Amino acid sequence: VTGGRSKERLVTGGDSGEREVVGQRAVRVLLVAAALTVLGAVDSLTHTASAAPRIPLPFAGDPYPSTYHPLLRADTLIVGATVLDGAGKRIDDGDVLMRDGKIVAVGHGLKATGGVTTIDAHGRWVTPGIIDVHSHDGVYSIPSTSDDSDSSDVAETSDPNAADTWIEHAVNAQDPAFSAALRSGVTTLQILPGSTPLFSGRSVIVKPVPAADVYSMKFPGAGRGLKMACGENPKSFFGEKGRAPNSRQGEIALVRAAFLKAQAYLQGWRDYESGARATPPDRDLKLDTLAGVLTGDIAVHMHCYRASDLTTMLDVAAEFGFHIRAFHHAGEAYKVVDQLKKAGTCVAVWSDWWGFKMELVDAIRENAAIVDAAGGCVMMHSDSATVGQRLTIEAAKAAAAGRRAGLNLPPEHIIRWVTSTPAKALGLDDRIGTLAPGRNADVVVWSGDPFSIYTKADQVFIDGALVFDRLKPSRTPGPDLLLGRPEAPTEVGP
Amino acid sequence: MTGRRLVSLFAAVVLAWLCAAANAQTIAIVHAKAWTMTAPTPLENATVVIKEGKIASVAAGDPPPGGTRVIDAKGRAVTPGLIHPATHLGLLEVSSATDTVDSGTKASSLGADFDVQYALNFNSALIELARADGLTRAVSYPTHSGVPPFAGMGALVRLTEPGEILESAGVGVFVSIGNHRGEADASRAAQWELLRHALDAAKTASAPAGTSAGGAVGTSAGSAGRSPQVLALEPVLAGKVPLAISTNRESDIRQAIRLTRDYSLRVVIIGAAEAWRAADALAAAKVAVIVDPQANLPANFDELGTRLDNAALLRKAGVTVATAVLSGIHQSYNAGESLREGAGLAVANGLSYSDALRSITVVPAEIWGIAERCGTIAPGKDGDLVVWDGDPLEPSSAPLAVLVAGKEISLVTRQTRLRDRYLPKAGLAPAARREP
């Protein structure tokens, strides 16, 4: 039984055989729901109550819901910009209209009606908000001190299986990295745990708005993710401690064993769902996560570099019937593009990081361009609060290497690497990543070509709210950490 | 004539010694937008003639001399070869694999005298990439030694192809002071005191016989018996080479300035995240800085004041500023590319374009005392030049041609070989060779 098929059955349900047990199931739904309410999983209760055939599996809810509210917003018309819509189109002298937090129209000669603020963007560029699919902002302590363990809060490293950890429980909303990301045009980030454990933990998707807690930043209704890791990091960390895994094959063995258990756990819930067993399985937070992977409810984001690690993990995923949404880092993706395409797995890469570990010795600057030109799915990522402030420069460098190799990579195409493609990898492409009507009004007005090192984000909109304005930087509060510290004598403008 | 020929022959022999495969070919770069670094604006339509490894002439509109190999820059930017002021090139290969790393030593008694020249690996894959990215010289320095706060002595390397890259050893003594959490004697007070005591001891031991009454603890009198540490510190005390201090907090930067005055040293500060708060004092003390234009997030409490316009604020105050990306992997793994990206970012944050270009060419040359032979495009200077396919400070640009000692070096690297091996496998045409 593969997870994909099971999900299909759970979601669509409703054949006559299942209807017979609806009444019986409804009782169970209430029982489980009651248990979940205790855990705070109100979301799943409301969803499932109206769609009776769906059993509220314990991993399907979100006990830590978003409390994000868009900031005060005005309807806004941006006129005269070079617009890259994130879907592959470039519109010169283009206009973008935002109303009620959504994109309304993109084109030429759009007119502002009453109460619409107009921004003259002649000579400037407009793109969708930048999306960083791999960030450790909020968990890689800044500043780092001896109060933090070696791994900061980036990962729980006491066990190679940290599938029960949720990175949102560690995110410091006041990390200066969020403010720096926002000021550079980032409007959505996926915060991932670090790659020391094989199952590194759950991810969280946030908007870098000024906030006191992570739930005020959490992207409402976003799907869930699990970070996994393969290759050198888990085996070297645990191996050095005399623990498993200490080899690549040991890593795969542990991953397979964990998914075998998860299959049994999921079967237990299904048997309970069908009435074949009277009591639900004991909740297990690790297995909750892995069962969610098997049903397709939780997207897998996997840290892997070497070509053979990538294809091995694709095989493991096929064996257990789950899908790897994206490989992150994937320095050798260019060697196995066909396999990645066949699996429908994206890669999230740097432009030029290489060499600092054995599995990255063969990374090349043309990696992204080759995967893209061969028809694969590729995006840029940061993995670093510094790189995360210049993801368009990552795209620029990767594309430049590709152009020198003879590949055609115009700006309207490569903007996708930092907008619509990561949106797809996060399962949010129906909401963000492009400037299509109906999408969230996450928009950046750049001082010039976003792929130039001299360019800055002038205005950053999230859900139609002007969250950062470079001309009025003090409107956006900086991180609490820097409050009351000595200030610069003067601002130096470019 | 015979005399001149002998001189040429001698020059050629010296050159061959310097860069192994050098030849005395004359090369002319024509139609260059030449950033000579001797003026704030470029010389348009310039012809740069390189003879026997040196720049022979640079002038607008000159026809190239007959019989020379001509590189047509087609109006593109030409700069001096880039000079990295502070890297670990040649001292590491795969940094996570410690057995491939030679940049530091802990289990030894070596301190200021830890000399990285003996470890330089000219066949490192990092070096060919840096060279293909337009880097022609660098100061490669140690990270730590067995006697903190000393890291040891740095070496000047010239990225000739192929073979020996060491140009001169002991170009500076490096120390690292500040937030060393988790280490014994972590107090920075102790770090400064240990440094001062070592300088005092070296001063005493080096003093002419008769003046060092009583001698200094731990050193033996007389030049023959001077310890390696004393020998390492002598050129620093004599002001012949800089004391390079890696430090970030304002209080430490001001301590470095005090040290400069107390011992009449030449000091250069690496990192210097909060240097903008002491900009005027640094300018007055003629202390140069090597700053990271990407640094704007405080990795630790020493860097709370870190900000993107550090370089601009320091220049405005008249401080000598070199720039280099110093954090993360780029300092060594992308030593050429990141040098330009950092300088470009400094421009985005207020540094003038010419100051930014200077901060990765002539200023590092000045800091390390080699400006008489490199860092500018002027007659008599080394024939280390780069022809760029675009704005050299845009990260998306790359060299079309790199000359080291008047010889055009190969732009083929392990990375381009991997690219060309796998492009066809991905169903794509092999890359065309880059031509100016």
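Residues numbered from 1 in each chain as written. Chains lettered and ligands numbered in written order. Predicted model: local features only at pLDDT ≥ 70, side-chain atom pairs only at ≥ 80, totals over all residues. Heavy atoms only, no water.

## Some thoughts on the state of the cysteines
Residue and element names in this part refer to chain A. What counts, and what does not: Two cysteine sulfurs form a disulfide in these notes if their separation is within 2.5 Å. Numbering goes from the N terminus for both helices and strands, where a helix is a DSSP run of H or I of at least four residues and a strand is a run of E of at least two. Summary of the burial criterion: residues with accessible area below 20% of their type's maximum are buried, those above 50% are exposed, and those between are partly exposed, where the area comes from a 1.4 Å probe applied to protein chains only.
Under the criterion given, the structure shown has two disulfides over all chains. Disulfide partner of C230: C304, at an S-S distance of 2.0 Å. Here C304 lies in strand β11 (residues 298-304) and C230 lies in the loop between β10 (224-229) and α6 (232-240), a separation of 74 residues in the sequence. The pair formed by C230 and C304 is uniform in burial state, with each residue classed as buried. Across a sulfur-sulfur distance of 2.1 Å, C346 and C377 are joined as a disulfide pair.

## Here's the deal with the packing of aromatic side chains
Quick note on the threshold: Pairing of aromatic side chains requires ring centres within 6.5 Å, counting the rings of Phe and Tyr and the six-membered ring of Trp. Pairs whose planes differ by under 30 degrees are stacked, by over 60 edge-to-face, and all others tilted. We call a charge positioned above a ring when the Lys NZ or Arg CZ atom is no farther than 6 Å from the ring centre and deviates by at most 35 degrees from the ring normal.
Tallying each qualifying case throughout the model produces 17 aromatic pairs over all chains. Aromatic side chains Y265 of chain A and W269 of chain A sit 6.4 Å apart centroid to centroid with 80 degrees between the ring planes, which places their arrangement in the edge-to-face category. Of the two residues, Y265 of chain A and W269 of chain A are both situated in helix α7 (residues 248-274); the distance of four residues between them amounts to about one turn of the helix. Comparing Y265 of chain A with W269 of chain A shows no difference in burial state: the two are buried. These aromatic residues form a ring-pair network of at least three members: F199, F259, F320 and F322 of chain A. Directly above the ring of F219 of chain A sits K207 of chain A, whose terminal nitrogen or CZ lies 4.0 Å from the centroid. Above the face of the W276 of chain B ring, R307 of chain B is positioned so that its terminal group lies 4.9 Å from the ring centre.

## What to know about the interface of chain B and chain A
Note the following rule: In this analysis, two residues are considered to be in contact whenever any of their non-hydrogen atoms come within 4.5 Å of each other. By definition, the buried area sums, over both parts, the 1.4 Å-probe accessible area that each loses when the two are put together. Salt bridge criterion: a side-chain nitrogen from Lys or Arg within 4 Å of a carboxyl oxygen from Asp or Glu. Nitrogen and oxygen atoms within 3.5 Å of one another constitute a polar contact, given that in protein one can donate a hydrogen and the other can accept it, and given that sequence-neighbouring residues count only through two side-chain atoms. Throughout, the ten residues Ala, Val, Leu, Ile, Met, Phe, Trp, Tyr, Cys and Pro are labelled nonpolar, Asp, Glu, Lys and Arg are labelled charged, and all others, Gly among them, are labelled polar.
At the junction of the two partners, chain B supplies 57 residues and chain A supplies 57 residues. Taken together, both faces of the contact between chain B and chain A bury some 4800 Å²; the carbon and sulfur share is 59%. Inspection of the region where chain B meets chain A yields six salt bridges. Across the salt bridge formed by E341 of chain B and K397 of chain A, the nearest N and O atoms sit 2.7 Å from each other. In this assembly, chain B and chain A are joined by 22 residue pairs in polar contact (both at pLDDT 80 or more). The biggest single contributor to the side of chain B that touches chain A is helix α9 (residues 335-348) of chain B, with six residues. Residue composition of the side of chain B that touches chain A, grouped by class: 29 nonpolar, 13 polar and 15 charged.

## Things to note about the side chain of S203 of chain A
All names here are of chain A. If you trace the backbone, S203 turns up in the loop between β8 (199-202) and β9 (204-206). Within the structure, S203 has its side chain in polar contact with the side chain of Q190 (distance 3.0 Å). Sequence-distant contacts of S203, that is, excluding residues within four places in its chain, are made with I167, E168, Q190, I191, L192, P193, G225 and L226.

## Examining the sheet that holds β9 of chain A
Residues and elements named next belong to chain A. Our working definition: Two strands pair if DSSP finds at least two bridges between them. Lines fitted to the C-alpha atoms define the axes, with helices restricted to the stretch that makes contact. Angles between their N-to-C directions range from 0 to 180 degrees.
A sheet is described by the order of its strands in space; here three strands give the open sequence β6-β7-β9, paired in mixed fashion. With partners counted over all chains shown, the strands left at the sheet margins are β6 (130-135) and β9, one partner each. The average undirected angle you get between the axes of adjacent strands in this sheet is 15 degrees. Of the pairings in the sheet, the one linking strand β7 (residues 186-191) to β9 comprises three bridges and is antiparallel in character. Note on β9: the bridge partner recorded for Q190 is I205. Here helix α5 (residues 176-183) sits on the sheet in contact with β7 and β9, set at roughly 140 degrees to β7.

## Comments concerning the pattern of salt bridges
Two side chains bearing opposite charge may form a pair once their charged atoms approach each other closely. Taken as a whole and judged by the stated rule, the model has 43 salt bridges over all chains. The partner of D362 of chain A in a salt bridge is K335 of chain A, and the shortest N-O contact between them spans 2.7 Å. Taken together, the residues span a long stretch of sequence, with D362 of chain A in the loop between β13 (346-349) and α11 (367-373) and K335 of chain A in the loop between β12 (324-329) and α10 (337-343) at a distance of 27 residues. By relative accessible area, D362 of chain A is classed as buried at 15%. A salt bridge links R137 of chain B to D382 of chain B; the nearest nitrogen and oxygen atoms lie 2.6 Å apart. Of this pair, R137 of chain B sits in strand β7 (residues 135-140) while D382 of chain B sits in the loop between α11 (362-367) and β14 (385-388); the two residues are 245 residues apart in sequence, bridging distant segments of the chain. Residue classification places R137 of chain B among the buried positions, given a relative accessible area of 1%. Through salt bridges that share partners, K54, R137, R158, E167, E372, R373, D382 and D384 of chain B make up one connected network.

## Description of the pairing of strand β1 (residues 76-84) of chain A
Residue and element names in this part refer to chain A. Counted residue by residue, β1 has nine buried out of nine residues, so it is predominantly covered. Pairing between β1 and strand β4 (residues 117-120): four bridges, direction parallel. Across the sheet, the residue bridging to V79 is D120, located in β4. Bridge count between β1 and strand β2 (residues 90-99): six bridges; the pairing is antiparallel. Across the sheet, the residue bridging to L84 is R90, located in β2. Between the antiparallel neighbours β1 and β2 lie five residues, among them G86 with a positive phi of about 85 degrees.

## A closer look at the packing of helix α3 (residues 188-206) of chain B against helix α4 (residues 228-237) of chain B
Residue and element names in this part refer to chain B. Counted only if it meets this: We call two directions roughly parallel when the angle between them is under 35 degrees, roughly antiparallel when it is over 145, roughly perpendicular when it lies between 65 and 115, and oblique otherwise.
Contact geometry of α3 with α4 gives a least axis separation of 9 Å together with a crossing angle of 90 degrees. Relative to α4, the element α3 lies roughly perpendicular. Across the interface between the two elements, A198, L199, A202, K203, A205 and S206 from α3 touch Q229, V230, L233, E234 and L237 from α4. Partitioning the contact of α3 with α4 into residue classes produces seven nonpolar, two polar and two charged.

## Regarding the confidence of the model for chain B
Residue and element names in this part refer to chain B. Applied cut-off: Residue-level confidence of the predictor is what pLDDT reports, using numbers from 0 through 100.
Across chain B, the average pLDDT comes to 90, with 88% of residues at 70 or higher. For residues 11-23, every residue scores under 50 in pLDDT, and the model assigns this stretch 19 contacts once sequence neighbours within four places are set aside. Throughout residues 210-221 the model reports pLDDT below 50, and contacts reaching past four residues in sequence, or to other chains, amount to 10 contacts. On the interface metric, ipTM, the complex scores 0.91, and its pTM is 0.90.

## Focus: the confidence of the model for chain A
Residues and elements named next belong to chain A. Mean pLDDT for chain A: 88, with 86% of residues reaching 70 or above. Across chain A, the secondary-structure element scoring lowest on mean pLDDT is helix α1 (residues 3-12), at 30, and the one scoring highest is strand β5 (residues 125-128), at 99. Confidence drops under pLDDT 50 across residues 489-494; counting only partners more than four residues distant or on other chains, this segment forms 16 contacts.

## Considering the packing of α7 of chain A against helix α8 (residues 285-295) of chain A
Residues and elements named next belong to chain A. Between α7 and α8, the shortest axis-to-axis distance is 8 Å and the interhelical angle comes to 80 degrees. Classified by the angle their axes make, α7 and α8 are roughly perpendicular. Facing A258, F259, K261, A262, Q263, Y265, L266 and R270 of α7, the residues of α8 in contact are L287, D288, L290, A291, V293, L294 and T295. Residue composition of the contact of α7 with α8, grouped by class: 10 nonpolar, two polar and three charged.

## Some words on the environment of E167 of chain B
Residue and element names in this part refer to chain B. Secondary-structure assignment places E167 in strand β9 (residues 166-176). Of the residues examined, E167 reaches a relative accessible area of 21% and is grouped as partly exposed. Between the C-alpha atoms of E167 and S206, which are 39 residues apart in sequence, the distance is 27 Å. When sequence neighbours within four positions are dropped, the list of residues in contact with E167 reads R137, L156, V157, R158 and R373.

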